[in-house]
Amino acid sequence: MTATPDLGARTPQLASPDLLRSAFRRHAAGVAVITARCDTGPVGFTANSLTSVSVEPPLLSFGISTGASSWPAIAETDHIGVHVLGDHQRRLAATFARSGADRFGAPTAWHEGPEGVPVLDDVLAWLVCRVVRRVPAGDHHIVLAEIVLGDPTGPGRPLLYHQGRFNGLRD
């Protein structure tokens, strides 16, 4: 017989979008910006679903909503940029998270990188990746991408997303 855990006054909730959101607000995650080039110019969005998948070959993944304004470009492009943000980039993270924002206008500093991918300046690390697969997953797609090249040497400390806010690490 299995013992029932003592939940005290806490009552478990049935699976729902609110349960998922509430649970993951408690999960601190690194903050990244994903960029791509499309016919109308650069696109990008803030992601906290970035995951290292494989070392050999070097693969990563991230999720993107099929309703996101960047999805049509991500769905078609061969290459994407992945940018790990520092705690000095809260404003940049908020800009790329906000619907309808001019994400590549001033004060965003960026340049065209390899494969035409928009590369953000002053980040902790940036990678140019070749998209190898897009996997449907509910109202999102999981994008698998192979790292082609990058620069992991930017100075600073990582930006985190926790409880619906951008935060820095504390010692």
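Refer to the preceding data block for the structure.
These notes cover the structure that comes with them.

### Some points on the sheet that holds strand β1 (residues 29-30)
Ordered in space as β1-β11-β12, the three strands form an open sheet in which the pairing is antiparallel. Looking at strand neighbours, the two that pair on one side only are β1 and β12 (165-168), the edges of this open sheet. In this structure, β1 lies alongside strand β11 (residues 159-162), joined through two bridges in antiparallel fashion. Residue G30 lies in a different strand from β11, and its bridge partner there is L160. The sheet contacts of helix α3 (residues 90-97) involve β11 and β12, and relative to β12 the element is tilted by about 155°.

### Considerations on α3
Listed in full, the buried residues belonging to α3 are L92, A93, T95 and F96. All buried residues of α3 lie within an arc of 160° about the axis, which places them on one face of the element. Buried residues along α3 sit against β2 (32-38), β3 (41-47), β8 (118-120), β11 and β12.

### Regarding the nonpolar core
In terms of nonpolar packing, the biggest core is built from 17 residues, with I34, F45, F62, I64, I74 and I80 touching the most fellow members. Secondary-structure elements contributing two or more residues to this core are β2, β3, β5 (59-65), α2 (71-76), β6 (79-84), β9 (125-137) and β10 (140-151). In this structure, F62 is in contact with I34, F45, S49, L50, I74, I80, H141, I142 and V143, ignoring residues within four places of it in sequence. Within the second largest apolar cluster, 15 residues are counted, among which are V33, W126, L159 and F166.

### Quick word on the pattern of salt bridges
Evaluation of the coordinates by the stated rule reveals three salt bridges. With its nearest N and O atoms 3.4 Å apart, the salt bridge here joins D18 to R21. Taken together, the positions of D18 and R21, both in helix α1 (residues 17-25) and three residues apart, correspond to about one turn of that helix. What makes D18 exposed here is its relative accessible area of 52%. Residue classification places R21 among the partly exposed positions, given a relative accessible area of 47%. Between R37 and E112 there is a salt bridge, and its shortest N-O distance comes to 3.5 Å. On the criterion of sequence distance, the pair formed by R37 in strand β2 and E112 in strand β7 (residues 110-112) is long-range, its members being 75 residues apart.

### Observations regarding the packing of aromatic side chains
Inspection of the entire model under this criterion finds four aromatic pairs. Consider the rings of F45 and F62, whose centres lie 5.9 Å apart with planes at 55°: the pair is tilted. Placement of the pair is F45 in strand β3 and F62 in strand β5, with a sequence separation of 17 residues. Relative to F166, the ring of Y161 lies with its centre 5.2 Å away and its plane at 55°, an arrangement referred to as tilted. A residue is classified by how much of its surface remains accessible, and Y161, at 27% relative accessible area, is partly exposed. The rings of F96, F104 and W110 are connected pair by pair, giving a single aromatic cluster.

### What to know about the sheet that holds β5
Taken together, seven strands build an open sheet; the order of strands is β3-β2-β6-β9-β10-β5-β4 and the sheet is antiparallel. Of all the strands in the sheet, just β3 and β4 (51-54) have a single pairing partner and so form its edges. The mean angle between the axes of side-by-side strands here comes to 35°, regardless of whether they run parallel or antiparallel.

Rules behind the numbers
Residues numbered from 1 in each chain as written. Predicted model: local features only at pLDDT ≥ 70, side-chain atom pairs only at ≥ 80, totals over all residues. Heavy atoms only, no water. Pairing = 2+ DSSP bridges. Helix = DSSP H or I, 4+ residues; strand = E, 2+ residues; numbered from the N terminus. Contact = heavy atoms within 4.5 Å. Axes fitted to C-alpha atoms, helices over the stretch in contact; angles between N-to-C directions. Buried < 20%, exposed > 50% of the residue type's maximum accessible area, 1.4 Å probe, protein only. Arc of directions from axis to C-beta. Core = buried A, V, L, I, M, F, W, Y, C linked by side-chain atoms within 4.5 Å. Salt bridge = Lys/Arg side-chain N within 4 Å of Asp/Glu carboxyl O. Phe/Tyr/Trp six-rings, centres within 6.5 Å; stacked < 30°, edge-to-face > 60°.

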